Amino acid sequence: MPEMKTRWDIFCTVVDNFGDIGVTWRLARQLVAEHGLAVRLWVDDLRAFERICPQIDPGAAQQYQQGVDVRQWPVEWQPTPAADVVIAAFACQLPSAYMDAMAEREQPPLWMNLDYLSAEGWVIGCHGLPSVKYKNVQKFFFFPGFQKGTGGLLREHGLLERRRQFQQNPQAQREFLHGLGIDRAPGARLISLFAYENTGLASWLDGMAGDSTATHLLVPEGRILGDVERWLGVQGLAAGAVYVRDALTVQVLPFVRQDQYDLLLWCCDFNAVRGEDSFVRAQWAGRPFLWHIYRQEEDIHLDKLEAFLELYVKGLSAPAREAISGLWRAWNAGEKMPDHWQSTRKHWPELEKHAETWCLEQALQADLATALVQFYGNWI
Ligand code: TRH
């Protein structure tokens, strides 16, 4: 008789943007592909899902995508047996009938909350601790993170090797960029820009336009386009648009599939990223990057920004440390960028080397999917 696969249910409510679905989809795929698990992914907004995975049929109540059983999380919950492991992503509230189904199981499931990523020190103390209980079912905190004692980061098996091969293959990069309609301006620095609205952008674009080195800026369609339009003095920017202003070429890209976005990051010399998932992917790209953190009430996101910076800049020389920290702080405060950009450029070789070292150091940790599977193994 074939061995029964362990069944996992992952619940995702899309609060806004693409991070919630971006993280849970990545995790679900990896649990299936690398750990042979039976995974259902419950998502309340299949349209957001479709943006990062165009194969999704937003009208389907159930569909298989890359081995993951994708379910539309219905407004009216239909009774369904609870899985062996239940992950509530980012503290989303499970349907009460499903919680009862968990409690009714002979052996209660392992119930975990997959939390947001933070580099703050307290995460280490809280990772893996019991949280609330529902009847006889105990919930646990599961924190991703950068340090030992956390749940680690999502990283697919062989990712860094694939990245290295791609980065060593100029032809493959050219072909990929061509597919997106990109003809890299000769000698130009290639930068990708994925960010929230930012009042500091105009000054950065000014700085790049007036620079001695050419820059080719790639902007996937999204929230930052309004700021780009204002700077260019145009309206209705859409994928395919290309504008040249002195040393700066600005090109709008379509929003690509999640796995293609990795290739874009791997092609670029510098990546501006945001939120949670693209932030991690930029680190696996092994290239210098700029993080636009997701804004939170009472500016608590600034503590998270500082906590990450504190870890990230270790090992850099004092001037390089100051340059990159200054750039990140200015970007997140919507302040003027050119001086910080110039300082950052002065330390480019050091920052490039550091990005690779940081990436390799982070890859020494167990990846998040493996850590979850191990957590379950220790729990049963
Ligand atoms: O979209 P985000 O801003 O998501 C945010 C954060 O996760 C934040 O922490 C959360 O609280 C908030 O949502 C609700 O940024 P993030 O996390 O980088 O997610 C973007 C996803 O989109 C990521 O998986 C990469 C993917 N993506 C593509 O697939 N194609 C693209 O062209 C681009 C630019 C991104």
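Here, every reference points to the structure presented above.
Note that the coordinates shown come from a computational prediction; the quantities given were computed from them, not determined experimentally. (Residues numbered from 1 in each chain as written. Predicted model: local features only at pLDDT ≥ 70, side-chain atom pairs only at ≥ 80, totals over all residues. Heavy atoms only, no water.)

A. Layout of the sheet that holds strand 14 (residues 289-292). Reading across the sheet, the six strands line up as 11-12-10-9-13-14 and stay open at both edges, with mixed pairing between neighbours. Looking at the sheet topology across the chains shown, the edges are occupied by strand 11 (242-245) and strand 14. Each strand of the sheet is rotated relative to its neighbour by a mean of 15°, with strand direction disregarded. Note: strand 9 (residues 189-193) against strand 10 (residues 215-220), four bridges, orientation parallel. Within the sheet, the bridge partner assigned to Arg189 lies in strand 10 and is Thr215. Along the sheet, helix 9 (residues 258-267) makes contact with strand 9, strand 10, strand 12 (248-253) and strand 13 (270-274), crossing strand 13 at roughly 140°. (Pairing = 2+ DSSP bridges. Helix = DSSP H or I, 4+ residues; strand = E, 2+ residues; numbered from the N terminus. Axes fitted to C-alpha atoms, helices over the stretch in contact; angles between N-to-C directions. Contact = heavy atoms within 4.5 Å.)

B. Quick peek at the side chain of Gln251. With respect to the helices and strands, the residue Gln251 is situated in strand 12. On the accessibility criterion, Gln251 (4% relative accessible area) is buried. Side chain to side chain, Gln251 and His216 meet in a polar contact 2.9 Å long. Excluding its chain neighbours within four sequence positions, the residues that come into contact with Gln251 are Leu180, Gly181, Ile182, His216, Leu217, Leu218, Val219, Ala241 and Val242. (Buried < 20%, exposed > 50% of the residue type's maximum accessible area, 1.4 Å probe, protein only. Polar contact = N/O pair within 3.5 Å; in protein donor to acceptor, adjacent residues only side chain to side chain.)

C. Structural view of the layout of surface pockets. Its volume calculated, the largest pocket comes out at about 660 Å³. Lining the largest pocket we find 38 residues, and of these Gly19, Arg274, Gly275, Glu276 and Asp277 sit closest to its centre. Of all elements in the fold, only helix 1 (19-35), helix 9, helix 10 (277-284) and helix 11 (300-312) reach the threshold of two or more residues within the lining of the largest pocket. Per-element tally for the lining of the largest pocket: the top contributor is helix 1, with five residues. (1 Å grid on protein atoms, 1.4 Å probe; cavity = no way out; pocket = protein on both sides within 12 Å on 5 of 7 lines; lining within 4 Å. Points joined across faces, edges and corners; volume = space filled by probe spheres on them.)

D. Structural view of the site of the ligand. The ligand sits among 22 residues. The nearest are Asp16, Tyr196, Val256, Asp277 and Ser278. Contact between the ligand and Gln258: an oxygen atom at 2.9 Å from a side-chain N or O atom of the residue. Side-chain polar atom of Ser278 to an oxygen atom of the ligand: 2.6 Å apart, as the coordinates give it. In isolation the ligand offers 710 Å² of accessible surface; the protein chains occlude 98% of this area. In this structure, the ligand is accommodated by the largest pocket. Within the residue set of the shell around the ligand, elements represented by two or more residues are helix 1, helix 9 and helix 10. (Near = heavy atom within 4 Å. Areas by Shrake-Rupley, 256 points an atom, 1.4 Å probe, with all protein chains shown as cover. Sits in = over half its atoms within 2 Å of the grid points.)

E. Summary view of the pairing of strand 1 (residues 7-12). Counting buried positions along strand 1 gives five out of six residues, so the element sits mostly inside the fold. Taken together, the six bridges between strand 1 and strand 2 (residues 38-43) define a ladder with parallel strand orientation. In the strand pairing of strand 2, Asp9 is matched with Arg40. With helix 1 bridging strand 1 and the parallel strand 2, this β-α-β connection has right-handed handedness. Sheet topology places strand 1 next to strand 5 (residues 85-89); four bridges connect them, and they run parallel. Residue pairing for strand 5: Phe11 is matched across the bridge by Ala88. (Right-handed = clockwise from strand over helix to strand, strands pointing away.)

F. Inspection of unusual backbone geometry at higher detail. A positive phi is found at Lys135, a non-glycine position, where the angle reads about 50°. Mapping Lys135 onto the fold places it in the loop between strand 7 (130-134) and strand 8 (137-142). Given the relative accessible area of 55%, Lys135 is considered exposed.

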